[in-house]
Number of protein chains: 2
Amino acid sequence: MNLPSNHPLVTGVTNDSPFVRAIHGDRPEITPVWFMRQAGRSLPEYRALREGTGMLESCLRPDMASEITLQPVRRHGVDAAVFFSDIVVPLRLAGVDVEIRSGVGPVMGQAYRTADDVARLVESELTEEALAPVVEAVGLTVDALGATPLIGFAGAPFTLAAYLVEGRPSRDHLAARTLMHADPETWDRLVTWAADLTGTFLRAQVRAGASAAQLFDSWAGSLSRADYEAGAAPASARALTHVHDLGVQVIHFGTGTEHLLRSMHAVGADVVGVDHRTPLDEADALLGGGVPLQGNVDPALLAAPWPVLEAHVRDVVARGRVAPAHVVNLGHGVPPETDPTVLTRVVELVHSL
Amino acid sequence: MNLPSNHPLVTGVTNDSPFVRAIHGDRPEITPVWFMRQAGRSLPEYRALREGTGMLESCLRPDMASEITLQPVRRHGVDAAVFFSDIVVPLRLAGVDVEIRSGVGPVMGQAYRTADDVARLVESELTEEALAPVVEAVGLTVDALGATPLIGFAGAPFTLAAYLVEGRPSRDHLAARTLMHADPETWDRLVTWAADLTGTFLRAQVRAGASAAQLFDSWAGSLSRADYEAGAAPASARALTHVHDLGVQVIHFGTGTEHLLRSMHAVGADVVGVDHRTPLDEADALLGGGVPLQGNVDPALLAAPWPVLEAHVRDVVARGRVAPAHVVNLGHGVPPETDPTVLTRVVELVHSL
């Protein structure tokens, strides 16, 4: 492992944690649980801290990003922290014109749709110097977390490219999917650049102290398997080469990806995230068995009466037992209007099973 | 068949059309083709006609709805017309407060989330009198179409209910999926009412002259198979009972529904629509063979250079040959910015294969 000597995985401080054991395929005494987007939106202490600070600015202020990352660990007793960031942070750090508009999402200064647009974009570089606030925030966080592992966070190249080509969030990512077929060379140039950008961002977090890494390919589910394999998977595999020599386990997540689970594992992931659509026993079978799974509590049930949610969580954990290992999580991020006390109760329930 | 004696399926005027033959599982000399949303957005003659008229108003003006329905048949030479309407039209006709906001979609006067909300909603009735403009528009259209069949149009109860519970379009339909689990009785009351509403709307179109019917369950793909079968399929089956005695073939369509294809067929559909994600040979295998298919040209490729689109259409038609019958269509609606000359060229290509 090419990790610094004070890294948690080298000192071993997080090695016996339920989360790190589970992502290595083990079955610890308690089933580990954390929630995508646990850091943020649903927590009043988060909203208070963010007051008056823009989203990307808050990601790039080390003290604030670290504090936001720690808040859900303190409150819920989850088994892992996930670094508070956004998939477009490395774009901003590379000098790309991007902002996050409240209620909309990432909006680019321009849409990158032509060979010339992309040729100019790929001139942008993500330097070590620019990554300093990320490295500092991860360092502060890991020091405070002790035995609780931190998960490094990065977007997959396809999802990043979808934002870049569309210029903003979209339902079907039509323009990105058009470019993939209309000009495969330009598309390849774009996702290759995005792979190195996001891989560099992830590597910085791991070297600074993250004990695992998760690649978010939120929009991969819009692709057919053939398109995923030709136009997205090679870039995801390339992104992951940036952390392979560091010896961390990688979780790969998308939504609406039942038809892509095998392909998403094959890019070099160790753990596959499963959304609420596919029961874990079916996901395990689709993956041919042998792959640790993460998921797949339906976020819609967080707002249902407790007995309904409890029965669902028990079912998710029971079905997850067919997989070699299971990290409980939601099938997608915590909805903003979620009552945070419900999340705490889910953690207690999972730990009691 | 309980159809009027002047109905196209009784007089037989549309019976030999490639479209009607294909949806009965036959292989006519030419492969039939039409496009979801062919009536509307992408056509300059549509935009000129609609100028100054709201979306729902245009659906309810018989002359306008009929003319819009006919425009793409004249221009592209497609093998079927689809009635120009919107899935919320029957809500409006039943007196529910709904409007279609440009660039947003259907927006309700209120979100229907509680037992009381739903109890009040289900008091609304869709009368024969209210359906008069629809019946008139269909009659005008069928007279003008002659041997070209008209497809009746209706939303599936789940998708309608998703709009009603959310109050507006949403990405994940969380509130609807919460209600389905949190209060199954209220949910059931809501989708049962929506089933009768949309079934009545569809029946009126068929009796007035439509030679086939399509049920659009655009958001069904957000459901797990278990949730679809428990919370959506029974209502879709109920909606279709409103037209079963009329002897028309029913096409059932959704997006992101690879995991639901069998269930969507089992509700009483004759033809299954397949989006761009699942190649038709795989869809045929998932359905166990024997089911006529509709689809599945990727709308993203309409904006690609012709040789790329041509190769894709040829591949779709070739894979569709494993199914007993195939109606070529897009995997989703025509994107608004589509060059209409491209659609015409696709029709010519499909007819030449």
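- An unreviewed UniProt entry lists chain A under the name Uroporphyrinogen decarboxylase, with Sediminihabitans luteus given as the organism.
- Looking at the Pathway (unreviewed entry) heading of the UniProt record, one finds this comment for chain A: "Porphyrin-containing compound metabolism; protoporphyrin-IX biosynthesis; coproporphyrinogen-III from 5-aminolevulinate: step 4/4."

## Here's the deal with the overall build of chain A
Part 1: Across its full length, chain A carries 17 helices and nine strands.
Part 2: In terms of C-alpha radius of gyration, chain A reaches 19 Å, essentially the compact-globule figure of 20 Å for 353 residues.
Part 3: Taking the principal axes of the C-alpha coordinates as reference, chain A spans close to 55 × 40 × 40 Å.
Part 4: Put simply, of all contacts in chain A between residues at least 6 apart along the chain, 74% involve residues at least 24 apart.
Part 5: A total of about 12,400 Å² of accessible surface is found on chain A, and carbon and sulfur atoms cover 49% of it.
Part 6: Across chain A, the 27 positively charged side chains and the 42 negatively charged ones have centroids separated by 4 Å.

## Considerations on the UniProt feature "binding site: substrate" (unreviewed entry) in chain A
Residues and elements named next belong to chain A.
Part 1: Within this structure's numbering, the places UniProt gives as "binding site: substrate" (unreviewed entry) are Arg 37, Gln 38, Ala 39, Gly 40, Arg 41, Asp 86, Tyr 163, Ser 218 and His 332. Taken along the chain, the residues just named run across 296 residues; in space they spread out, the farthest C-alpha pair reaching 23.0 Å.
Part 2: Within the secondary structure layout, Arg 37 lies in the loop between α2 (18-23) and α3 (44-50).
Part 3: In this structure Arg 37 comes out as partly exposed when scored by relative accessible area, which is 45%.
Part 4: Not counting residues within four places of it along the chain, the set of residues in contact with Arg 37 comprises Gly 333 and Val 334.
Part 5: Relative to the assigned elements, Gln 38 resides in the loop between α2 and α3.
Part 6: With a relative accessible area of 0%, Gln 38 lands in the buried category.
Part 7: Once you skip the residues sitting within four places of it in the chain, Gln 38 turns out to touch Leu 43, Pro 72, Val 78, Ala 80, Ala 81, Val 82 and Val 334.

## So, the pairing of strand β2 (residues 98-101) of chain A
Two faces, one strand: in a regular strand the side chains alternate between the faces of the sheet.
All names here are of chain A.
Part 1: Two strands pair when backbone bridges link them, and β2 and strand β3 (residues 105-108) are joined in this way by four bridges, in the antiparallel orientation. If you follow Ile 100 over to β3, its bridge partner there is Pro 106.
Part 2: Linking β2 back to β3 in an antiparallel pair, the connection comprises three residues, with Gly 103 at a positive phi of about 80 degrees.

## A look at the relation of the copies chain A and chain B
Part 1: The two copies are related by a screw motion: chain A maps onto chain B through a turn of 180 degrees and a shift of 0.0 Å along the axis, at an RMSD of 0.0 Å. On the angle and the small slide along the axis, the relation comes out as a two-fold axis.
Part 2: An overlap of 100% is found between the interface residues of chain A and their copies at the interface of chain B, pointing to a shared contact surface.

## A short note on the nonpolar core
Part 1: Among the nonpolar cores identified, the biggest contains 128 residues, and Phe19(B), Leu91(B) and Trp187(B) are the most heavily contacted of them.
Part 2: If one sorts the elements of this core by residue count, helix α11 (residues 184-207) of chain B sits on top with 11 residues.
Part 3: Leu91(B) has contacts with Val96(B), Val98(B), Met108(B), Leu160(B), Leu164(B), Trp193(B) and Leu197(B), leaving out every residue within four places of it along the chain.
Part 4: Among the nonpolar cores identified, the runner-up in size contains 127 residues, and Phe19(A), Leu131(A), Phe216(A) and Val328(A) belong to it.

## Details of helix α8 (residues 132-145) of chain B
All names here are of chain B.
Part 1: Helix length check: α8 (14 residues) gives 20 Å between terminal C-alpha atoms against 20 Å at 1.5 Å per residue, within 8%.
Part 2: Here α8 has its buried residues at Pro 133, Val 134, Ala 137, Val 138, Thr 141, Val 142 and Leu 145. The buried residues of α8 occupy an angular sector of 160 degrees when projected down its axis, which confines them to one face.
Part 3: Just downstream of α8 lies Gly 146, where phi reads positive at about 60 degrees.

## A few points about unusual backbone geometry
Residues and elements named next belong to chain A.
Part 1: Of note, the amide linkage connecting Gly 295 to Asn 296 takes the cis form, showing an omega dihedral of -15 degrees.
Part 2: For Asn 296, the location among the structural elements is in strand β8 (residues 293-297).
Part 3: One non-glycine residue, Arg 37, lies in the positive phi region at around 65 degrees.
Part 4: For His 173, which is not a glycine, the phi torsion comes out positive at approximately 55 degrees.
Part 5: In this fold, His 173 is placed in the loop between α9 (157-166) and α10 (174-182).

## Considering the sheet that holds strand β6 (residues 249-253) of chain A
The pairing of strands in a sheet happens through backbone hydrogen bonds and is either parallel or antiparallel.
All names here are of chain A.
Part 1: Taken together, seven strands build an open sheet; the order of strands is β1-β4-β5-β6-β7-β8-β9 and the sheet is parallel. Single-partner strands in this sheet number two, and they are β1 (81-82) and β9 (326-330).
Part 2: The pairing of strand β7 (residues 271-274) with β8 spans three bridges and is classified as parallel. Across the sheet, Gly 273 pairs through a bridge with Gln 294, a residue of β8.
Part 3: Those strands touched by helix α11 (residues 184-207) are β4 (150-155) and β5 (212-216), and its axis lies near 170 degrees from that of β4.

## Describing the packing of helix α5 (residues 62-76) of chain A against helix α8 (residues 132-145) of chain A
Residue and element names in this part refer to chain A.
Part 1: At a minimum axis separation of 8 Å, α5 and α8 run at an interaxial angle of 35 degrees. Our pair here, α5 against α8, has a crossing hand that is right-handed. Listed contacts from α8 to Pro 62, Asp 63, Ala 65, Ser 66, Thr 69, Leu 70 and Val 73 of α5 are Pro 133, Glu 136, Ala 137, Leu 140, Thr 141, Ala 144 and Leu 145.

## Quick notes on the pattern of salt bridges
Part 1: Here the structure, examined in full by the defined rule, presents 29 salt bridges over all chains.
Part 2: A salt bridge links Asp26(A) to Arg21(A); the shortest N-O distance between them is 2.9 Å.
Part 3: Of the charged contacts, one joins Arg314(B) and Glu310(B) as a salt bridge, the two residues approaching to 3.0 Å between their closest N and O atoms. Taken together, the residues Arg314(B) and Glu310(B), both in helix α16 (residues 306-320) and four residues apart, mark about one turn of the helix.
Part 4: Look at Arg314(B) and you get partly exposed, because its relative accessible area is 41%.
Part 5: Glu310(B) gets classed as partly exposed once you look at its relative accessible area, which sits at 22%.
Part 6: Counted as one network, the salt bridges with shared partners bring together Arg21(A), Asp26(A) and Glu29(A).

Each value, and the rule that gives it
- Residues numbered from 1 in each chain as written.
- Chains lettered and ligands numbered in written order.
- Predicted model: local features only at pLDDT ≥ 70, side-chain atom pairs only at ≥ 80, totals over all residues.
- Heavy atoms only, no water.
- UniProt positions renumbered as here; feature names shortened; annotations may be inferred.
- Helix = DSSP H or I, 4+ residues; strand = E, 2+ residues; numbered from the N terminus.
- Rg over C-alpha atoms; globule rule 2.2 N^0.38 Å.
- Contact = heavy atoms within 4.5 Å.
- Areas by Shrake-Rupley, 256 points an atom, 1.4 Å probe, with all protein chains shown as cover.
- Lys, Arg positive; Asp, Glu negative; His and termini not counted.
- Charge placed at Lys NZ, Arg CZ, Asp CG, Glu CD.
- Buried < 20%, exposed > 50% of the residue type's maximum accessible area, 1.4 Å probe, protein only.
- Pairing = 2+ DSSP bridges.
- Least-squares fit on C-alpha atoms with pLDDT ≥ 70 in both.
- Core = buried A, V, L, I, M, F, W, Y, C linked by side-chain atoms within 4.5 Å.
- Expected span 1.5 Å × (residues − 1).
- Arc of directions from axis to C-beta.
- Axes fitted to C-alpha atoms, helices over the stretch in contact; angles between N-to-C directions.
- Left-handed = near helix turned anticlockwise from the far one by under 90°.
- Salt bridge = Lys/Arg side-chain N within 4 Å of Asp/Glu carboxyl O.

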